[in-house]
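# Structural overview for review
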Amino acid sequence: MKFRTAATTVSALLLVIGCAQRDATTGLDAPALAAGLTAEDLEARLAQFVPSQIDFDDSTLQPWEREVLAKLIEASDIMHELFLLQVSPRNPVWRAALAGAADTREGRAARDYAEVMAGPWDRLEENEPFLDVGPKPPGAGYYPPDLTSEEIDEWLASHPEDREAFSGYFSVIERDKGMLVAIPYNVEYRDRLEVAAAVLNEAADIAQNASLAEYLRARAASFLSNDYFPSDMAWMDIEGTRIEPTIGPYEVYEDQLMGWKAAFESFVTVADPAASAELDELKDSMRHLEENLPIEDRYKNLERGFESPIRVVDVVYTAGDTRAGVQTIAFNLPNDERVRAAKGSKKVMLRNVARAKFDAILMPIARQVLMPEVADDLTFDAWFTNVLMHELAHGLGPGFIVGAGGDTTTVNQALRDHYSAMEEAKADVTGLHNMTVLAADGMYDEAFVRRAFIGHVADMFRATRFGATEAHGLANLIQFNWMVERGAIEFDEGSGNFKVNYSRLVDANRELAMRILTIQAQGDHAAAGALLQRYGTVSPQMRAAIEQLESVPVDIRPIYPGADRLRPR
């Protein structure tokens, strides 16, 4: 990226209707609100996110654990700075220009909504700008704003030696005297990564758990070397400690140009060993689930690692990509197929965040849009287990793809801009399919699986509100339209609510899982695009349902009192 100087970490965006305003504090011009928007409009958008206390029990933490958590929170704030740069290199300038200028209604609304959205583009409105800054480039801050995917393809066709550097997770692409060049993250973001590495090393010195200390030192080294493989391997081996950190560049959602570049983020969490052990037995089923995927045997990935530890955790603090817009309730990492081949992947369930969303959002949605007899089947335990099955499914199915000429690529690199939505849809439908496999083995009863499917139907309405440009929103839109087309979800004209044909729902879900997994196995970018185009539109019935939900929050706006207790005074 082009902006490489240190920037203010806590400041605000202020936009005044009609024209730019110069902030006396910084002397820099602040852009205006986007045409037609008012302070009231932004306040209404902000109200879609209900403030929620995301807390945890810190009464049993040992002194060294408190010190390590405080260091991790400090490093997390650096991850947030880095992510803002990845969204746009101008983000810190816009924020710094208006620091301390939020003494008007417009200023407070703009500052607060920009903080939720991690920039001036509305993630719930297909990235439309709510500030007068112009459209968001599909490649965010990872590429020159005018760069197209066609130009990248042409460049790589002429310079095949650049393919690995260009398509890797950990580089940005820049223009240099008419040439395209890949700049590694450890060069582009050196100043901040050096500070973050130092903080993680300090935390490692304090940690009294050897595996945790090893991960922290390895991750610090990765920040400086740009080689994240050793620290991803070390992350998989953390054990015997309640502190469960995940910090660094991971997901590729922000890169909507090529789907290649990883965004910085952080989860600082405390694990519940008893709850984790209760779910951990599922990892022993991973090979069995891979064997029973609804695809041809030649596409099944039986050589991968199936270690797959599962952690049930409570969030202490989050930062970066995960805090932009819609909040994460679970994740499955790492994304490096080399690590997955060797060790599998780790599933982390964010229990306190999930509970907050279930109570404040999912249950009210179910009551509004589903027939009463359907909504009555929704329970937290079944829904939370389905979330886990979604994360387990991320670790199954195609990974590496071997082409006709013997060259090897990954699903991510092959599907490019379509990858994120396809992968999220795959995890949804494959996870539900896997529940039917485990039910046949006697692990779940039919009633529990039904409640999980019903919970996911309600989740389709929740996630579709995220917008059709957000990976989870688009993934759920595809599923909803697919199910409606096959009569699995039906609109009841009399009540205006939706009912479910359960047997059709199970069959249609398996059919969609087969379609998506096959597209991934074949690395078929065109087929992925066709599926997204056909099913990725908001139908009149879905739009009407979403309009009914205006009084229901779209998501939570997290508040972290535990982090405040841990920060140095």
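Structure report, in brief. (Residues numbered from 1 in each chain as written. Predicted model: local features only at pLDDT ≥ 70, side-chain atom pairs only at ≥ 80, totals over all residues. Heavy atoms only, no water.)

### Brief notes about the pattern of salt bridges
Applying the stated criterion across every chain, the model contains 37 salt bridges. Among the salt bridges present, the one from Arg367 reaches Asp376, with a minimum N-O distance of 2.7 Å. Judged by relative accessible area, which is 46%, Arg367 ranks as partly exposed. For Asp376, a relative accessible area of 52% corresponds to the exposed category. (Salt bridge = Lys/Arg side-chain N within 4 Å of Asp/Glu carboxyl O. Buried < 20%, exposed > 50% of the residue type's maximum accessible area, 1.4 Å probe, protein only.)

### What about helix α16 (residues 380-394)?
Between its first and last C-alpha, α16 extends 22 Å over 15 residues, near the 21 Å set by a 1.5 Å rise per residue. Counting buried positions along α16 gives 14 out of 15 residues, so the element sits mostly inside the fold. (Helix = DSSP H or I, 4+ residues; strand = E, 2+ residues; numbered from the N terminus. Expected span 1.5 Å × (residues − 1).)

### A word on the packing of aromatic side chains
Under the definition given, this model contains 22 aromatic pairs. Considering the side-chain rings of Tyr189 and Phe264, the 5.8 Å spacing of their centres and the 90° angle between planes classify their relative orientation as edge-to-face. Note that Tyr189 is positioned in the loop between α7 (185-188) and α8 (190-206) and Phe264 in strand β9 (residues 264-271), a separation of 75 residues in sequence. For the pair Tyr189 and Phe264, one class covers both residues: buried. Both rings, one in Phe380 and one in Trp383, keep their centres 6.1 Å apart while their planes meet at 50°; by these two values the pair is tilted. (Phe/Tyr/Trp six-rings, centres within 6.5 Å; stacked < 30°, edge-to-face > 60°.)

### Re the sheet that holds strand β10 (residues 310-320)
Pairing within the open sheet is mixed, and its 5 strands lie in the order β8-β9-β10-β12-β11. Looking at the sheet topology across the chains shown, the edges are occupied by β8 (243-249) and β11 (330-333). Pairs of neighbouring strands in the sheet enclose a mean axial angle of 35°, with direction left out of account. Bridge count for β10 against strand β12 (residues 346-350) is 4 bridges, and the pairing is parallel. From the neighbouring strand, Arg311 faces β12, where its bridge partner is Val348. Relative to the sheet, helix α11 (residues 273-280) contacts β9 and β10, its axis offset from that of β10 by approximately 120°. (Pairing = 2+ DSSP bridges. Axes fitted to C-alpha atoms, helices over the stretch in contact; angles between N-to-C directions. Contact = heavy atoms within 4.5 Å.)

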